Amino acid sequence: IRGKLEENKIMLRNNPQYETVLAALPPKLFRAWTLGDYDALEGQYFDTWSSFYHVVKSFEIPSEWAIYQSLDWGFENPLACHWWAIPPAADHVYCIREYYMTHKNSDVAAGEIHDISCKMFGSNYISSGRIKKMYADPSIWNQVGRNKSGKFIAEDFMANIQERTPSGEKRSLLIVPADNSRI
């Protein structure tokens, strides 16, 4: 819940020195506790992030926009999957969904990501080409998942992010290694 210092009348009345105490804090903590700007806190990769500039109101994604996914694998550290929408002019990229989890086996996480995609775009999102491909952390091609299958994490994702056509044919989402040299 965002709140600014001046909105907390009781705190200011009961502790008139509180604003002076806050002024002595490091700048990012001051912005969070005084201005309610929790985007300013430490540990962010992008220290210029601002919800005011970087978040838009929800809108229907036009069908002609390309949808891609990105996957950063993690078990102890978080797994993050994002869905990205790109308009035909490719002048902006919109993150339209995030899946963020820890301690989830790769086969289970892949199934949950597939279920989210089905809810967003329908059960034929792969064969219809609605999601073009997933760019994934290259390490999933050389790490065995924590389930007992003994498969690489990439194999779990490819096996669990697929659909069956009416004829019974399996179609998997194209999952390719991301180019980490661009990060």
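1. Looking at the pairing of strand β2 (residues 79-86)
With six of eight residues buried, β2 lies mostly within the body of the structure. Where strand β1 (residues 66-72) and β2 come together, seven bridges link them in antiparallel fashion. Directly across from alanine 66, in β2, lies its bridge partner isoleucine 86. Between β1 and the antiparallel strand that follows it, β2, lie six residues. Where β2 lies against strand β3 (residues 94-101), seven bridges are found, and the strand directions are antiparallel. In the sheet register, alanine 80 faces β3, and the bridge partner there is tyrosine 100.

2. Looking at the layout of surface pockets
Estimated volume of the second largest pocket: approximately 570 Å³. Lining the second largest pocket are 16 residues, and of these Trp49, His54, Val55, Tyr94 and Cys95 sit closest to its centre. Elements with a contribution of two residues or more to the lining of the second largest pocket: β2 and β3. By residue number, the principal contributor to the lining of the second largest pocket is β3, which donates three residues. For the lining of the second largest pocket, the per-class residue count stands at eleven nonpolar, four polar and one charged.

3. Observations regarding the pattern of salt bridges
A complete count under the given rule lists two salt bridges for this structure. We note a salt bridge from glutamate 112 to lysine 104, for which the minimum N-O separation is 3.0 Å. A relative accessible area of 26% means that glutamate 112 is categorised as partly exposed.

4. A short note on the sheet that holds strand β4 (residues 131-136)
Within the open sheet, the five strands sit side by side as β3-β2-β1-β4-β7. Their pairing is mixed. The sheet is open, and its two edges are formed by β3 and β7 (175-177), each paired on a single side. Averaged over all pairs of adjacent strands, the angle between their axes in this sheet comes to 20°, without regard to strand direction.

5. Side note on the packing of aromatic side chains
Under the counting rule described, the total for this entry stands at five aromatic pairs. A ring pair is formed by phenylalanine 59 and tryptophan 65, whose centres lie 5.7 Å apart and whose planes are at 70°; its orientation type is edge-to-face. By relative accessible area, tryptophan 65 is classed as buried at 12%. Arranged with centres 6.1 Å apart and planes meeting at 35°, the rings of tyrosine 68 and tyrosine 135 form a pair that is tilted. Of this pair, tyrosine 68 sits in strand β1 while tyrosine 135 sits in strand β4; the two residues are 67 residues apart in sequence, bridging distant segments of the chain.

6. Let's talk about the nonpolar core
Core analysis: the biggest nonpolar cluster contains 28 residues, and Leu71, Trp83, Ile113, Phe157 and Ile161 have the highest contact counts within it. Only β1, β2, α5 (106-121), β4 and α6 (153-160) provide two or more residues apiece to this core. Sort the elements by how many residues they give to this core and α5 lands first, with five residues. Once residues within four sequence positions are removed from consideration, isoleucine 113 is found in contact with Gln69, Leu71, Leu79, Cys81, Trp83, Tyr99, Met134, Phe157 and Ile161.

7. Considering the pairing of β4
Bridge count between β1 and β4: four bridges; the pairing is parallel. Paired with leucine 71 across the two strands is alanine 136, which belongs to β4. Pairing between β4 and β7: three bridges, direction parallel. Bridge pairing in β7 places tyrosine 135 opposite valine 176.

The rules behind each value
- Residues numbered from 1 in each chain as written.
- Predicted model: local features only at pLDDT ≥ 70, side-chain atom pairs only at ≥ 80, totals over all residues.
- Heavy atoms only, no water.
- Buried < 20%, exposed > 50% of the residue type's maximum accessible area, 1.4 Å probe, protein only.
- Helix = DSSP H or I, 4+ residues; strand = E, 2+ residues; numbered from the N terminus.
- Pairing = 2+ DSSP bridges.
- 1 Å grid on protein atoms, 1.4 Å probe; cavity = no way out; pocket = protein on both sides within 12 Å on 5 of 7 lines; lining within 4 Å.
- Points joined across faces, edges and corners; volume = space filled by probe spheres on them.
- Nonpolar A, V, L, I, M, F, W, Y, C, P; charged D, E, K, R; others polar.
- Salt bridge = Lys/Arg side-chain N within 4 Å of Asp/Glu carboxyl O.
- Axes fitted to C-alpha atoms, helices over the stretch in contact; angles between N-to-C directions.
- Phe/Tyr/Trp six-rings, centres within 6.5 Å; stacked < 30°, edge-to-face > 60°.
- Core = buried A, V, L, I, M, F, W, Y, C linked by side-chain atoms within 4.5 Å.
- Contact = heavy atoms within 4.5 Å.

From the geometry alone we can't say anything about function, so treat these as descriptive.
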